[in-house]
Amino acid sequence: MYGIIEQRRAGNPCGNGRGHVIRFCSIAILLVFSFTLFGRTVAFGGSRAVSSWACYYGSEDQTEKLSCFDLLVCAPGGQNPAPLRSEGLKVLVYISLGEVAANSPYYEVAKQSGLLVRHNTNWDSWVVDVRRPEWRELLFERIIPDALAAGYDGLFFDTLDSPIDMQRKDPDTYKGAERACVDLIRAIRERYPRLLLCQNRGFEIIKRTAPYLNYLLIEGLSSSMDLETSTRVEVSGADRDFLISKAEAAKEINPKLVVLTLDYVPAEDKQEIEKAYYFSRNLGYVPYVSTPALNEVFIHAPE
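Residues numbered from 1 in each chain as written. Predicted model: local features only at pLDDT ≥ 70, side-chain atom pairs only at ≥ 80, totals over all residues. Heavy atoms only, no water.

So, helix H5 (residues 133-148)
In an α-helix there are 3.6 residues to a turn, and that puts residues three or four apart on one side.
And step 1. With 16 residues, H5 extends 21 Å between its outermost C-alpha atoms, agreeing within 8% with the 22 Å of an ideal straight helix rising 1.5 Å per residue.
And step 2. Where H5 bends most, at Leu139, the angle is about 45°.
And step 3. Buried within H5 we find Trp135, Leu138, Leu139, Phe140, Ile143, Ile144, Ala147 and Leu148.
And step 4. On its buried face, H5 sits against strand S5 (90-96), strand S6 (99-101), helix H4 (107-112), strand S8 (125-128), strand S9 (154-158) and helix H7 (177-191). (Helix = DSSP H or I, 4+ residues; strand = E, 2+ residues; numbered from the N terminus. Expected span 1.5 Å × (residues − 1). Bend = angle between axes of the 7 residues up to and from the residue. Buried < 20%, exposed > 50% of the residue type's maximum accessible area, 1.4 Å probe, protein only. Contact = heavy atoms within 4.5 Å.)

Some thoughts on the packing of aromatic side chains
And step 1. Within the structure shown, the criterion is met by five aromatic pairs.
And step 2. Measuring from centroid to centroid gives 6.1 Å for Phe69 and Tyr288, while their planes differ by 85°, and the two rings are edge-to-face. One end of the pair, Phe69, is in the loop between helix H2 (63-66) and strand S4 (71-74); the other, Tyr288, is in strand S15 (residues 286-290), with 219 residues separating them in the sequence. With respect to class, Phe69 is no different from Tyr288; both count as buried.
And step 3. Through successive ring pairs, a cluster of aromatic residues spans Trp53, Phe69 and Tyr288.
And step 4. The residue whose ring lies beneath Arg240 is Phe279, and the NZ or CZ to ring-centre distance is 3.7 Å. (Phe/Tyr/Trp six-rings, centres within 6.5 Å; stacked < 30°, edge-to-face > 60°. Lys NZ or Arg CZ within 6 Å of the ring centre and 35° of its normal.)

Some points on the state of the cysteines
And step 1. Within the structure shown, the criterion is met by zero disulfides.
And step 2. Its sulfur unpaired, Cys55 is 8.8 Å from the next cysteine sulfur, which belongs to Cys74.
And step 3. Cys55 sits in the buried class, given a relative accessible area of 0%.
And step 4. We classify Cys74 as buried; its relative accessible area is 0%. (Disulfide = S-S within 2.5 Å.)

A word on the packing of H5 against H7
And step 1. In contact at an axis separation of 12 Å, H5 and H7 are set at 40° when each is read in the N-to-C sense. Judged by the angle between their axes, H5 and H7 are oblique. At the point where H5 passes H7, the crossing takes the right-handed sense. Residues Trp135, Arg136, Leu139, Phe140 and Ile144 of H5 lie in contact with H7, whose contacting residues are Asp183, Leu184, Ala187, Ile188 and Arg191.
And step 2. Split by residue class, the contact of H5 with H7 holds seven nonpolar, no polar and three charged. (Axes fitted to C-alpha atoms, helices over the stretch in contact; angles between N-to-C directions. Parallel < 35°, antiparallel > 145°, perpendicular 65-115°, else oblique. Left-handed = near helix turned anticlockwise from the far one by under 90°. Nonpolar A, V, L, I, M, F, W, Y, C, P; charged D, E, K, R; others polar.)

Right, dumping it as structure tokens:
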């Protein structure tokens with residue numbers, strides 16, 4: 001999601017779905033946009049209806065705004081989950097399964113263990129060798145417990161694409177990276193059977209990991225952003241079809257899987273925000289639209 005959270009840390013309708021009942025937020029400072037409600041659905045994650053979600057990696061307390069949502073993904077050490085969970089929201093915390101940031105508290109131990117195999121210059125992070133038992137030990141003994149320490153309902157898995165991409169580009173050297181990613185998610189499910197789990201992309205393995213997941217995130221279903229120019233980039237029809245086919249294949253394996261979408265649109269582009277919401281909802285997915293930094297909370301609510 002535009003790099004791993006340790007490096008980027010410095011964004012859905014405000015309908016808090018209870019069935020099809022929509023509660024509106026009356027907060028004057030929020031950015032409010034309209035969208036069409038045709039095709040609106042309510043999906044279920046765990047035992048709770050999910051008709052809205054947000055992704056917020058900022059550190060400022062945004063409890064008032066975020067209380068409008070059903071589901072939140074946030075950063076370790078960022079938004080306090082306790083007041084949101086007390087209102088019934090499900091809160092997932094970010095962890096990186098495939099990379100370690102250079103400014104991460106786990107960087108030195110990963111380096112000393114020889115886990116760092118490729119530098120990601122975009123985010124000053126390192127792809128790790130997910131096949132190594134030292135990586136699994138670091139995840140289960142430190143990274144995951146540390147992330148969960150503040151009290152969360154589940155985990156949000158990012159950067160799985162990185163080790164998978166390494167196997168694709170160099171299958172002889174990194175053979176087994178895909179399988180190791182699947183094994184990690186299976187092991188996390190076995191260790192934490194009650195947690196809600198969400199995978200970001202990783203479509204090469206989604207048919208194998210779907211049975212262990214509650215949510216799948218499709219990042220960039222309608223819109224992405226050029227980071228250098230801060231301009232919106234339209235997702236091609238072919239790319240959309242690919243993403244949808246992968247999501248639907250995963251849902252065939254796990255019919256309870258909730259598909260979330262995250263599109264990046266400039267905050268002032270109301271028309272494109274509306275289109276992104278409509279397109280996602282028309283497929284039965286649960287949308288959120290933000291900007292790449294994900295350090296603000298945007299409320300896109302119906303009139």
